[in-house]
Amino acid sequence: MNKKLVFITGASSGIGEACARKFAANGYRLILNARSIDKLETLKVELQTQYGSDIMLLPFDVRDRLEAEKMISNLPADFKDIDILVNNAGLALGLEKEQEGDVDQWYTMIDTNVKALLLITRLVVPGMVARGCGHVINIGSVAGDAAYPGGAVYCATKAAVKTITDGLRMDLFDTPVRVTNVKPGLVETNFSNVRFSGDTERAKKVYQGIQPLTGADIADVVFFAASAPSHVQIAEVLVLATHQASGSHIWRKS
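What counts, and at which threshold
Residues numbered from 1 in each chain as written. Predicted model: local features only at pLDDT ≥ 70, side-chain atom pairs only at ≥ 80, totals over all residues. Heavy atoms only, no water. Helix = DSSP H or I, 4+ residues; strand = E, 2+ residues; numbered from the N terminus. Buried < 20%, exposed > 50% of the residue type's maximum accessible area, 1.4 Å probe, protein only. Contact = heavy atoms within 4.5 Å. Salt bridge = Lys/Arg side-chain N within 4 Å of Asp/Glu carboxyl O. Axes fitted to C-alpha atoms, helices over the stretch in contact; angles between N-to-C directions. Parallel < 35°, antiparallel > 145°, perpendicular 65-115°, else oblique. Left-handed = near helix turned anticlockwise from the far one by under 90°. Lys, Arg positive; Asp, Glu negative; His and termini not counted. Patch = residues over 30% accessible without salt bridge, like charges linked within 9 Å, V, L, I, M, F, W, Y side chains within 5 Å. Areas by Shrake-Rupley, 256 points an atom, 1.4 Å probe, with all protein chains shown as cover. Charge placed at Lys NZ, Arg CZ, Asp CG, Glu CD. Phe/Tyr/Trp six-rings, centres within 6.5 Å; stacked < 30°, edge-to-face > 60°. Lys NZ or Arg CZ within 6 Å of the ring centre and 35° of its normal. Nonpolar A, V, L, I, M, F, W, Y, C, P; charged D, E, K, R; others polar. Disulfide = S-S within 2.5 Å.

A. Local environment of the environment of Val136. Locating Val136 in the fold gives a position in strand E5 (residues 135-139). Look at Val136 and you get buried, because its relative accessible area is 0%. Put simply, Val136 and Glu17 are 119 residues apart on the chain and 17 Å apart in space, counted from C-alpha to C-alpha. Discounting chain neighbours no more than four positions away, the residues touching Val136 are Leu85, Asn87, Val125, Met128, Leu168, Arg178, Val179 and Thr180.

B. Focus on the pattern of salt bridges. A complete count under the given rule lists 15 salt bridges for this structure. Residue Asp61 pairs with Arg63 through a salt bridge whose shortest N-O separation is 2.8 Å. Overall, the relative accessible area of 22% leaves Asp61 in the partly exposed class. We note a salt bridge from Glu236 to Lys183, for which the minimum N-O separation is 2.9 Å. Of the two residues, Glu236 is situated in strand E7 (residues 236-239) and Lys183 in strand E6 (residues 178-184); the sequence distance between them amounts to 53 residues. A single salt-bridge network, built from bridges that share partners, covers Asp145, Lys162, Asp166, Arg169, Lys183 and Glu236.

C. Just the packing of helix H4 (residues 103-131) against helix H5 (residues 152-171), in detail. Interaxial distance between H4 and H5 falls to 9 Å at its minimum, and their mutual angle equals 10°. Compared by their axis directions, H4 and H5 come out roughly parallel. Pair H4 / H5 crosses with right-handed handedness. Taken together, the residues of H5 that come into contact with H4 (itself represented by Trp106, Met109, Ile110, Asn113, Val114, Leu117, Leu118 and Thr121) are Val153, Tyr154, Thr157, Lys158, Ala160, Val161, Ile164 and Leu168.

D. A look at the side chain of Arg195. Following the sequence through the fold, Arg195 ends up in helix H6 (residues 191-195). It is Glu96 that comes nearest to the buried, bridge-free Arg195 among opposite-charge side chains, at 7.7 Å. When sequence neighbours within four positions are dropped, the list of residues in contact with Arg195 reads Ala92, Leu93, Gly94, Leu95, Tyr148, Gly150, Gly151 and Tyr154.

E. Geometry of a negative patch on the surface. Negative charge collects at one region of the surface, where Glu96, Glu100, Asp102 and Asp104 lie side by side. Mapped onto the secondary structure, Asp104 falls in helix H4. Take Asp104: its relative accessible area is 60%, and that puts it in the exposed class.

F. Local environment of unusual backbone geometry. Here Ser197, not a glycine, exhibits a phi torsion of approximately 55°, which is positive. Take Ser197: it is sitting in the loop between H6 and helix H7 (200-205).

G. The arrangement of the packing of aromatic side chains in detail. Evaluation of the coordinates by the stated rule reveals 4 aromatic pairs. Ring plane angle 75° and centroid distance 5.0 Å describe the contact between Phe23 and Tyr28, whose orientation is recorded as edge-to-face. Each member of the pair, Phe23 together with Tyr28, is buried. Taken together, the ring pairs in this structure connect Phe23, Tyr28 and Phe223 into an aromatic cluster. The ring of Phe79 carries the charged tip of Arg29 above its face, separated from the ring centre by 4.6 Å.

H. Here's a closer look at the packing of helix H1 (residues 14-25) against helix H8 (residues 215-226). It is at 8 Å that the axes of H1 and H8 come closest, and there the two elements cross at 55°. Taken together, H1 and H8 sit at an angle that is classed as oblique. Our pair here, H1 against H8, has a crossing hand that is right-handed. Along the contact surface, H1 presents Ile15, Ala18, Cys19, Lys22 and Phe23, while H8 presents Gly215, Ala216, Ile218, Ala219, Asp220, Val222, Phe223 and Ala226. Residue composition of the contact of H1 with H8, by class: 10 nonpolar, 1 polar and 2 charged.

I. Layout of the state of the cysteines. Tallied over the entire structure, the rule returns 0 disulfides. Cys19 takes part in no disulfide bond, and the closest cysteine sulfur, belonging to Cys133, lies 20 Å away.

J. A look at the side chain of Arg169. With respect to the secondary-structure elements, Arg169 resides in helix H5. The residues contacting Arg169, other than those within four sequence positions of it, are Val179, Thr180, Asn181, Gln233 and Ala235.

Just distances and angles here, no functional claims.
Spelled out as structure tokens, the structure:
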């Protein structure tokens, strides 16, 4: 079994779950975080049954600073030395015009996509520096490259992820710790269902007329970056569906 330890936030569904499956299939040890303990427990049993994976669960909301600090500082000795951090937890909420947006939704996106990512990074990366090895992989978005109508705040949070990732890479350039930003385009997960507050029919329309990416597609890219030779740092990867050219340019079959 690969002895490297991977910490994945938002691991109970979507890209995070796919990353957990990909790393487990390749023998990595896992720390899995999400708010839903039930989903994490189900995933843990499945991965242990299929791959014999060594898994630690950390069920907490990444927006909760005190809980995050407590959980991570109290990791058992054999789960303290995190080799790879996948900052995946994130979400989009609503698609209203900025002047009509829901302020509570804005704060939730900023707290989750930006502040929580910074917090988890701050708690994990010093250990990587001290040990002289490690890799931070942030899940950004094509939305961070340019705004689109109704998505200003979400796009801003993902632009922040790019800037934070680039800044971290600069701050770590005199260490062996690598930093990667993976920027997915249209990925069919529960992302749109969450964005539209459980409106399944509206969520389905996002993916109509195009073959979107899957969580597994993004997990493949994350794993490729993580498994590159130690002298290779894959700084940024933009991953789009074949008929998507940007966040707002998508060709759909009628």
